[in-house]
Amino acid sequence: MTRTSVVCAALLTAVVTVFLWVGAAGAYRKAVDLRDHGAVTTADVLQVQRLGDDSYVRVRFTTADGAVVEADVHDFRVDPEPVEGATMQVRYAPAEPVRHIQDARLGPDFVDVWVRALGGLALLAFGTFVVLGSWGLVGERWP
């Protein structure tokens with residue numbers, strides 16, 4: 001083990017932590033936009049893609065200001081599952097209707113915010129522990 005490897009581990013931990021916290025900030029902004037400014041409307045279901053965790057429903061709807069929007073809804077309930085050709089209620093943020101959209105039956109997703117933020121904190125704590133614990137061993141031979 002060398003000082004370079006310890007420094008690289010510290011930098012990698014910091015970079016991944018920053019990515020997690022940036023993702024948490026984006027998820028927070030989306031959840032707040034939907035909670036505070038969300039508008040509910042009826043959307044036409046164009047397509048239902050079943051891809052496990054990456055499933056989504058493509059919908060088309062008209063915003064309150066008259067813009068026609070086509071967007072993918074990743075936050076949707078499956079009971080009852082949306083059906084192609086039917087309609088569903090969606091909640092969207094008027095500022096970003098394509099990116100900030102969800103099934104109106106769901107509340108804003110603050111769980112995602114907490115998972116990302118606490119995951120980044122746990123990674124930073126673990127990385128700090130490993131780096132500080134390894135720093136004293138640098139230069140010594142391990143069995």
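Residues numbered from 1 in each chain as written. Predicted model: local features only at pLDDT ≥ 70, side-chain atom pairs only at ≥ 80, totals over all residues. Heavy atoms only, no water.

## So, the overall build of the protein
On a plain count of helices and strands, the protein comes out with two helices and five strands. When the elements of the protein are put in sequence order from the N terminus, they spell out α-β-β-β-β-β-α. Rg of the C-alpha trace for the protein: 22 Å, well past the compact-globule value of 15 Å for 143 residues, more than 25% over. Taken over the C-alpha atoms alone, the protein extends approximately 65 × 30 × 20 Å along its principal axes. In the protein, which comprises 143 residues, the proportion classed as buried is 30%. A separation threshold of at least 6 residues defines the contact pool for the protein, and within that pool the share at least 24 residues apart is 65%. (Helix = DSSP H or I, 4+ residues; strand = E, 2+ residues; numbered from the N terminus. Rg over C-alpha atoms; globule rule 2.2 N^0.38 Å. Buried < 20%, exposed > 50% of the residue type's maximum accessible area, 1.4 Å probe, protein only. Contact = heavy atoms within 4.5 Å.)

## A closer look at the side chain of Thr 13
Its place among the elements puts Thr 13 in helix 1 (residues 3–37). Thr 13 gets classed as buried once you look at its relative accessible area, which sits at 13%. Once you skip the residues sitting within four places of it in the chain, Thr 13 turns out to touch Leu 123, Leu 124 and Gly 127.

## Quick word on helix 1
Between the first and last C-alpha of helix 1 there are 50 Å, a value that for 35 residues agrees with the 51 Å anticipated at 1.5 Å per step. Taken together, the buried positions of helix 1 are occupied by Val 6, Thr 13, Thr 17, Gly 23, Ala 24, Ala 27, Ala 31, Val 32, Asp 33 and Leu 34. Buried-residue contacts for helix 1 involve strand 4 (87–92), strand 5 (101–103) and helix 2 (110–135). (Expected span 1.5 Å × (residues − 1).)

## Points about the pattern of salt bridges
For the coordinates displayed, the defined rule picks out eight salt bridges. A salt bridge links Arg 60 to Glu 70, with the nearest nitrogen and oxygen atoms 3.4 Å apart. Of this pair, Arg 60 sits in strand 2 (residues 56–62) while Glu 70 is found in strand 3 (residues 68–73), placing the two residues 10 residues apart along the sequence. Glu 70 gets classed as partly exposed once you look at its relative accessible area, which sits at 42%. Put simply, Arg 116 and Asp 112 hold a salt bridge, and the shortest N to O gap is 3.0 Å. In this pair, Arg 116 and Asp 112 are both assigned in helix 2, four residues apart and thus about one turn of the helix distant. Three or more residues are tied together by salt bridges with common partners; here these are Arg 29, Glu 96 and Arg 99. (Salt bridge = Lys/Arg side-chain N within 4 Å of Asp/Glu carboxyl O.)

## Some details on the nonpolar core
Residues Val 57, Val 59, Phe 61, Met 88, Val 90 and Ile 101 are the most contacted members of the largest nonpolar core, which totals 14 residues. Elements represented by at least two residues in this core include exactly strand 1 (39–49), strand 2, strand 3 and strand 4. Setting aside its immediate chain neighbours within four residues, Phe 61 contacts Thr 41, Thr 42, Ala 43, Ala 67, Val 68, Val 69, Val 90, Tyr 92, Pro 97 and Ile 101. (Core = buried A, V, L, I, M, F, W, Y, C linked by side-chain atoms within 4.5 Å.)

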